[in-house]
Amino acid sequence: MTELSPHLKQATEVVAVRGEGPYLHGEDGRRYLDFTAGIGVTSTGHCHPKVVAAAQEQVANLIHGQYTTVLHPPLRRLVERLGEVLPEELDSLFFANSGSEAVEAALRLARQATGRPNVLVCHGGFHGRTVAAASMTTSGTRFRSGFSPLMGGVVVTPFPTAFRYGWDEETATRFALRELDYLLQTVSPPEDTAAVFVEPVLGEGGYVPATEGFLRGLRERADRHGFLLVLDEVQTGVGRTGRFWAHEHFGVRPDILITAKGLASGFPLSGIAAPKALMSKAWPGSQGGTYGANAVACAAAVATLDVVRDENLVANAEAMGARLRTGLEAVAAGTPAIGDVRGLGLMLASEFTTEDGQPDPATAARVQRAAVDEGLLLLLCGAWNHVVRMIPALVVDEAAIDEGLRAWSAAVEAGTAAS
């Protein structure tokens, strides 16, 4: 009898049979508050009626129109709609299926456009699981071990993870930029450096926001040395952080922006955006793919963007994120095992530490499991899986936030009492 790979382990034992808004309904008859959103994918909630209707209508007309063979109306509409929310200068788009694919497309474009071999990535960043993307990932060895040799030309530079260093943000920022300058002097000279890739908020690396000084410092060095600033907004984009794009918090502009996850409310779709002059430097034949810009996924993405706009979900993410963070900080204030609460908008996390400040994955795992018993679904992240993250759908309301906080408080009490 066939079965799933034994390494495809689920974070919970829930078998979901139906989804609605921020909730999943299990085969066991229970309703669960889903603060995972499919790892930040179901941005408009599970089965938003407008997204469902758009997908159903498209399925009845055209399921697959391969976009290097023919164009289709949903793709045209998506390009137009993204033009309304992207930075004005990012006026050229390429679509793929997954975040990893989009990262590799951005990598290929950066190398071809600059003629330079190396890319800088930030320590703790996650960019995907395919070979090139995994070579650029340093959020955990589990994503990159066991299939060496990895792709060459990747140089890792520090990220201003103030809590891990035990510094304030200003000190961590100064350190990260100083080390970057040292790398450019000793490891990857500017004339060999094509781009720096960075998440505005580390995802798998522990939900650590960048600082304004750090991202502005990257922008200044990219301009000075002639390499590109690539912002990986796969998880942070489409309203997740209380701005449509997370980089808007920091006042920087990317040369290439990468998007996926929440773009199509659960349908596989990713893309990169760049100025047309830059995108034109891609080599002929270097961009394509069988399933990229699938017609149903594009229709769902257009509906997603409409819902985000019409229901003011970016503002809702900011307001509900503030409410959630206040509650998380209140729980942390009475829980010595929680060393830090951080994030932006509806992308928040609590880091569990031992009495001497070391990562505490055992307690984090107990709390995450206890949350399931309370009807709350959560995920872990961080290098040791010692950080519990919350990424509810952008449609979440005050009642659901308060429900989640009650469940979280009970789970933390249960999980820490067992330590």
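Residue numbering note: each chain is counted from 1, following its sequence as written. This being a predicted model, a pLDDT of at least 70 is required before a residue's local features are given, and a value of 80 or more before pairs of side-chain atoms are given or counted; all residues contribute to the totals for chains, interfaces and linings. Side-chain metrics in this entry use all non-hydrogen atoms of the structure; hydrogen atoms and water are not considered.

1. Focus on the sheet that holds strand S6 (residues 154-157)
Logical step 1: Any two strands with at least two DSSP-identified bridges between them are counted as paired. Helix and strand definitions here come from DSSP, where helices need a minimum of 4 consecutive H or I residues and strands a minimum of 2 consecutive E residues; each element is numbered from the N-terminal end. The strand order across the open sheet formed by 7 strands is S4-S10-S9-S8-S7-S5-S6, and the pairing between neighbours is mixed. The sheet is open, and its two borders are formed by strand S4 (92-96) and S6, each paired with just one other strand. Mean inter-strand twist for the sheet, computed between neighbouring axes without regard to direction, equals 20°.
Logical step 2: On top of the sheet, helix H4 (residues 99-114) reaches S4, strand S5 (118-122), strand S7 (193-198), strand S8 (228-232), strand S9 (256-259) and strand S10 (270-274); it is set at about 30° to S10, its chief contact.
Logical step 3: A contact between two residues is defined here by any heavy atoms of the two lying within 4.5 Å. Where helices are involved, their axes are fitted lines through C-alpha atoms of the stretch in contact, as for all axes, and angles between N-to-C directions lie from 0 to 180°. This element, helix H7 (residues 169-186), spans S5, S6 and S7 of the sheet and lies at about 150° to S6.

2. Let's talk about the layout of surface pockets
Logical step 1: In this model, the largest pocket occupies a volume close to 1,400 Å³.
Logical step 2: Of the grid points, spaced at 1 Å and generated over the protein atoms alone, those admitting a 1.4 Å probe that cannot get out make up cavities, while open sets with protein on both sides within 12 Å along at least five of seven lines make up pockets; any residue with an atom within 4 Å of a point is treated as lining. Lining the largest pocket are 42 residues, and of these Ile 39, Arg 129, Glu 204, Leu 379 and Arg 389 sit closest to its centre.
Logical step 3: It is H4 that provides the largest number of residues to the lining of the largest pocket, a total of 3 residues.
Logical step 4: Just so you know the grouping, Ala, Val, Leu, Ile, Met, Phe, Trp, Tyr, Cys and Pro go in nonpolar, Asp, Glu, Lys and Arg go in charged, and all remaining residues, Gly too, go in polar. Partitioned by chemical class, the residues of the lining of the largest pocket number 19 nonpolar, 14 polar and 9 charged.
Logical step 5: Taken together, 41 residues make up the lining of the second largest pocket; nearest its centre are Thr 161, Arg 164, Val 208, Arg 342 and Glu 351. Grid points are joined across faces, edges and corners, and a volume is the space filled by probe spheres set on the points.

3. Points about helix H12 (residues 361-373)
Logical step 1: By definition here, a helix of n residues has an expected span of 1.5 Å times n minus one. Taking 1.5 Å of rise per residue, the 13 residues of H12 would be expected to cover 18 Å, and the 19 Å separating its terminal C-alpha atoms lies within 8% of that figure.
Logical step 2: Buried within H12 we find Thr 363, Ala 364, Ala 365, Val 367, Gln 368, Ala 370, Ala 371 and Val 372.
Logical step 3: Tucked inside the fold, the buried residues of H12 contact strand S3 (31-34), strand S12 (347-352), strand S13 (376-377), strand S14 (379-381), strand S15 (387-390) and helix H13 (398-417).
Logical step 4: Within two residues after H12, Gly 375 carries a phi angle of roughly 85°, on the positive side. Per-residue accessibility, obtained with a 1.4 Å probe over protein chains only, is compared with the maximum for each type, and a residue is labelled buried under 20%, exposed over 50%, and partly exposed between these values.

4. A few points about the nonpolar core
Logical step 1: Think of a nonpolar core as a cluster: buried Ala, Val, Leu, Ile, Met, Phe, Trp, Tyr and Cys residues, connected wherever their side-chain atoms sit within 4.5 Å. If you look at the biggest cluster of nonpolar residues, it comprises 86 residues, and the most contacted ones within it are Phe 197, Ile 272 and Trp 408.
Logical step 2: When sequence neighbours within four positions are dropped, the list of residues in contact with Ile 272 reads Ser 92, Leu 93, Phe 94, Ala 102, Ala 105, Ala 106, Leu 109, Ile 256, Leu 257, Ile 258, Met 279 and Gln 287.
Logical step 3: Ranked by size, the runner-up nonpolar core spans 31 residues in total, among them Cys 122, Val 155, Leu 218 and Val 387.

Function cannot be inferred from these measures alone, as they are strictly geometric.
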